[in-house]
Amino acid sequence: IHQPVYDFKIMPTYTEVITQIDEWMSREAVILACDIETTSNHFIGCIGFADSETHAICIPFINSNNESYWNDNDEIDIILALRRLISSTSTVIIGQNFAFDAQYLARDFGCLPRNVDDTMVGHHLCYPGTPRGLDYLSRLYLPFHTYWKDEGKFIDEKRDLAQWFTYNCKD
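Here we summarise the structure given alongside this text. The model shown is predicted, which means the values in this text are computed figures rather than measured ones. (Residues numbered from 1 in each chain as written. Predicted model: local features only at pLDDT ≥ 70, side-chain atom pairs only at ≥ 80, totals over all residues. Heavy atoms only, no water.)

This paragraph deals with the overall build of the chain. Summing up its helical and strand segments, the chain has 7 helices and 6 strands in all. Taking the contacts inside the chain whose residues are at least 6 apart along the sequence as the reference set, 59% of them involve residues at least 24 apart. As displayed, the chain has an accessible area near 9400 Å², and 52% of this comes from carbon and sulfur atoms. (Helix = DSSP H or I, 4+ residues; strand = E, 2+ residues; numbered from the N terminus. Contact = heavy atoms within 4.5 Å. Areas by Shrake-Rupley, 256 points an atom, 1.4 Å probe, with all protein chains shown as cover.)

Okay, structure coming up:
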């Protein structure tokens, strides 16, 4: 099996973010993989959503100076739109060890998803005693496996944002 052709939107404009969220909100139901990346000072640096195996958007919250990526009004609008999306009863969020991400969503955005499918918990319930790390699960369940997790461990979010945001979309 060949590596898929990814369609990642990194460093989107305000309009691209709001348009994508509105498109998802217009659906009767939407299933989104979700992942956050945290900064070295423990805040959400970006949040990524994927609605297929190859299509994802990374919404940044910091720039290369570790300052807000957005102006104040745009950031407020984006967070409010994200709150509506994440907490909607018609949105299902899929995540790995999502309790980690959820604590940041609650603290930084003031919301929690209503419907969560946690891949780590689901695998552990079906196969207790087996490994449940993302490296193991991706090997089992993805048609094309490449271990990308280490790509994000040593990225300096102040220097290589494009690589960090791309990693977020893969993750």
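Alright, that's what it looks like, and here's the rest.
Moving on, we get to the packing of helix H1 (residues 14–26) against helix H2 (residues 72–87). Relative orientation of the contacting elements H1 and H2 amounts to 15°, with a least axis distance of 10 Å. Taken together, the axes of H1 and H2 lie roughly parallel to each other. Of the two elements, H1 crosses H2, and the hand of that crossing is left-handed. Packed against H1, whose contacting residues are Tyr-14, Val-17, Ile-18, Ile-21, Trp-24 and Met-25, the element H2 presents Asp-74, Asp-77, Ile-78, Ala-81, Leu-82, Arg-84 and Leu-85 at the interface. (Axes fitted to C-alpha atoms, helices over the stretch in contact; angles between N-to-C directions. Parallel < 35°, antiparallel > 145°, perpendicular 65-115°, else oblique. Left-handed = near helix turned anticlockwise from the far one by under 90°.)

If you walk through the whole model with that rule in mind, you get 6 aromatic pairs. When the ring of Phe-100 is compared with that of Tyr-104, the centres are 5.1 Å apart and the planes differ by 55°; the resulting orientation is tilted. Highlighted residues: Phe-100 and Tyr-104, both in helix H3 (residues 98–109), separated by 4 residues, approximately one helical turn. For Tyr-104, a relative accessible area of 10% corresponds to the buried category. (Phe/Tyr/Trp six-rings, centres within 6.5 Å; stacked < 30°, edge-to-face > 60°. Buried < 20%, exposed > 50% of the residue type's maximum accessible area, 1.4 Å probe, protein only.)

To continue, consider helix H5 (residues 134–141). If you check which residues of H5 are buried, you get Leu-134, Leu-137 and Ser-138. Down the axis of H5, the buried side of the element spans an arc of 100°, and every buried residue falls inside it. (Arc of directions from axis to C-beta.)

Turning our attention to the pairing of strand S2 (residues 30–38). As paired strands, S2 and strand S5 (residues 91–95) are joined by 4 bridges and run parallel to one another. Its bridge partner being in S5, Ile-31 is matched across the sheet by Val-92. Pairing of S2 with strand S3 (residues 44–50), which is carried by 6 bridges, proceeds in the antiparallel orientation. Paired with Cys-34 across the strands is Phe-49, a residue of S3. (Pairing = 2+ DSSP bridges.)

Attention shifts here to the nonpolar core. Taken as a class, soluble globular proteins show a tendency for nonpolar side chains to be buried jointly. Of all hydrophobic cores here, the largest spans 28 residues; its most connected members are Ile-47, Phe-49, Ile-59, Phe-61, Leu-82 and Phe-109. Breaking this core down by element, the ones donating at least two residues are H1, S2, S3, strand S4 (55–60), H2 and H3. With 6 residues, the top contributor of residues to this core is H2. With near-sequence residues (within four places) excluded, Ile-47 lies in contact with Cys-34, Asp-35, Ile-36, Ile-57, Cys-58, Ile-59, Phe-61, Leu-82, Ile-86, Leu-105, Phe-109 and Asn-168. Listed in part, the 9 residues of the second largest apolar core include Ala-50, Cys-58, Trp-164 and Cys-169. (Core = buried A, V, L, I, M, F, W, Y, C linked by side-chain atoms within 4.5 Å.)

So far we have only geometry, and geometry alone does not tell us how the molecule works.
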